[in-house]
Amino acid sequence: MGVGAIRMARPHAGSSAGHVSPHSFDVQTIPVVDRSVEEFTAEAIGVTLESSPDIGAVAIAYRSEQHAHTIRAAMARQQLTNYELVPEVAAALDFAYATHSVGDQSSLLVYDLGSSGLSVSVIDARTRRVHYSERSSDISGDYLDSLIREQQIASGRIAHPPDIAGLGALDALCREAKEQLTTNTAVALPSKQGLVLLAQENFESLITLAIESSARMAHNAVLRTNCPVDGVLAIGGCARIPLIAAVLERSMGVPVIVPDCPETVTARGAALLARPTHPRPPIPRTALDDERLSPAWLSAPATRGKREINGAVLTVSALVVVAAIGLGLGYGPEVLERDSHTQEAPPTGPQTSAPRTTDLDPQIAAVPSATEPLVQESLLVPPPNRSQTPSEAPPPPPPGPNTIVVPGLPPIVLPTIPPELFPFPPPPPP
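First, a word on scope: everything that follows refers to the structure included in this document. (Residues numbered from 1 in each chain as written. Predicted model: local features only at pLDDT ≥ 70, side-chain atom pairs only at ≥ 80, totals over all residues. Heavy atoms only, no water.)

Our next topic: the pattern of salt bridges. Counted by the stated rule, this structure contains 10 salt bridges. Put simply, glutamate 134 and arginine 224 hold a salt bridge, and the shortest N to O gap is 3.5 Å. In this pair, glutamate 134 is assigned in strand E7 (residues 129-136) and arginine 224 in helix H6 (residues 200-225), connecting sequence segments 90 residues apart. Residue class for glutamate 134 comes out partly exposed when judged on its relative accessible area of 24%. Residue classification places arginine 224 among the exposed positions, given a relative accessible area of 52%. Each of Asp145, Arg175 and Lys178 takes part in a single network of salt bridges with overlapping partners. (Salt bridge = Lys/Arg side-chain N within 4 Å of Asp/Glu carboxyl O. Helix = DSSP H or I, 4+ residues; strand = E, 2+ residues; numbered from the N terminus. Buried < 20%, exposed > 50% of the residue type's maximum accessible area, 1.4 Å probe, protein only.)

Attention shifts here to the sheet that holds E7. Across the sheet, which stays open at both edges, the 5 strands sit in the order E7-E6-E5-E10-E11 with mixed pairing between neighbours. Edge positions in the sheet fall to E7 and strand E11 (256-257), since each of these pairs with one other strand and no more. With 7 bridges joining them, strand E5 (residues 107-113) and strand E6 (residues 118-124) adopt antiparallel strand pairing. Within E6, the residue paired with tyrosine 111 across the bridge is valine 120. (Pairing = 2+ DSSP bridges.)

With 42 residues, the main nonpolar core has Leu109, Tyr111, Val232, Ile241, Ile244 and Met252 as its most contacted residues. When residues of this core are assigned to their parent elements, the largest contribution, 9 residues, is made by H6. If we skip the residues at most four places from it in the chain, valine 232 touches Leu108, Leu109, Tyr111, Leu248, Met252, Val254, Pro255, Val256 and Ile257. Val20, Val89, Ile235 and Ile257 belong to the second largest nonpolar core, which has 18 residues in total. (Core = buried A, V, L, I, M, F, W, Y, C linked by side-chain atoms within 4.5 Å. Contact = heavy atoms within 4.5 Å.)

Right, let's talk about unusual backbone geometry for a bit. A negative phi holds for most residues other than glycine; trans holds for most peptide bonds. You will see that glutamine 79, though not glycine, has its phi angle at about 60°, which is positive. Note that glutamine 79 resides in the loop between helix H2 (65-77) and strand E4 (84-87). Judged by relative accessible area, glutamine 79 falls into the exposed class, the value being 65%. Notably, cysteine 261 is not glycine yet its phi reads approximately 50°, a positive angle. With respect to the helices and strands, cysteine 261 occurs in the loop between E11 and helix H8 (265-273).

Distances and angles like these do not, on their own, reveal function.
Okay, structure coming up:
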């Protein structure tokens, strides 16, 4: 998985880690343009699994923990779970041993120079332990392409592109020239801005300083671990350049191994390490989940319903407070008994939208402890006579000065406090 392309590899039937041919793979390179490479990789894997249901395992090579976290997030968005992540270094090392690209070296330095940067890692080949790893974006395949571009423009054969699109096209042409120079001694590629003309020795003179700098970075990595290496495994697209192997061997003093098609070593090694996993089935979404995720959860009808419930609670609370005042003054039983008799009379007119007693029971059960005297006193009131007919029911008392009318509830009559309970002081003598 690179910045500009992803590579997918599938071993032929019968191939497994242990002993395989380097070419016993189906490899596909997919360019990535103006997209997140992790998102594009997840989509490509999903399409491949749907079109090839016989694939039983998927392995994805990652560069760092942050890279692995990004891959997991992209795969989760595609609802893909049957996969595993393997380090790029481990995938490259397993491929090298499975194809006998390396011998009996006990310690290796993996030199991976791709389009986006250079990674060097010191590894114990027997235990697969990584002693040290470092990455730099100062030296990359894109940087080598820019050296060719600037040299061609400076020569006067190539005009500077007028826009970003033209600059990108010229960079792609310089990349193609670099790749052809790995096997040819000179290239000549026409473009809209002119002819890209470059010889092998001119190309090597352009990139020698950068390659020597990368060799020093690899040598310093070995010095930091204080662990001598027996060889260098050079991978990545730029490992095809013959100058890189020559400079590394001269700087490190050990053999440099460059496998066939070094740009696909990581993909092929990951394919060898792929093992079937048990996928976790996706959690089905219910109607409640859809309602919570929908903006209708905060719609106006829901708000009005909530306000109606709150109004009923306030109405019942007011009734409880009034009843509590009557009980404190000693007139509670009379008030409750009168209210009970009033409720037993069925309505004579058409039914209104007033809430029924069964609708208020949950609200009464939820009110504070002030309702406890009301419940206890109501148990002492005898049950209403259900055999009484509507014609025998006494009419409701007309509202008087001590009657409180609450919409939706029977009238509440407050008792008149006798003056003997609160005697006033006698008037002063004249």
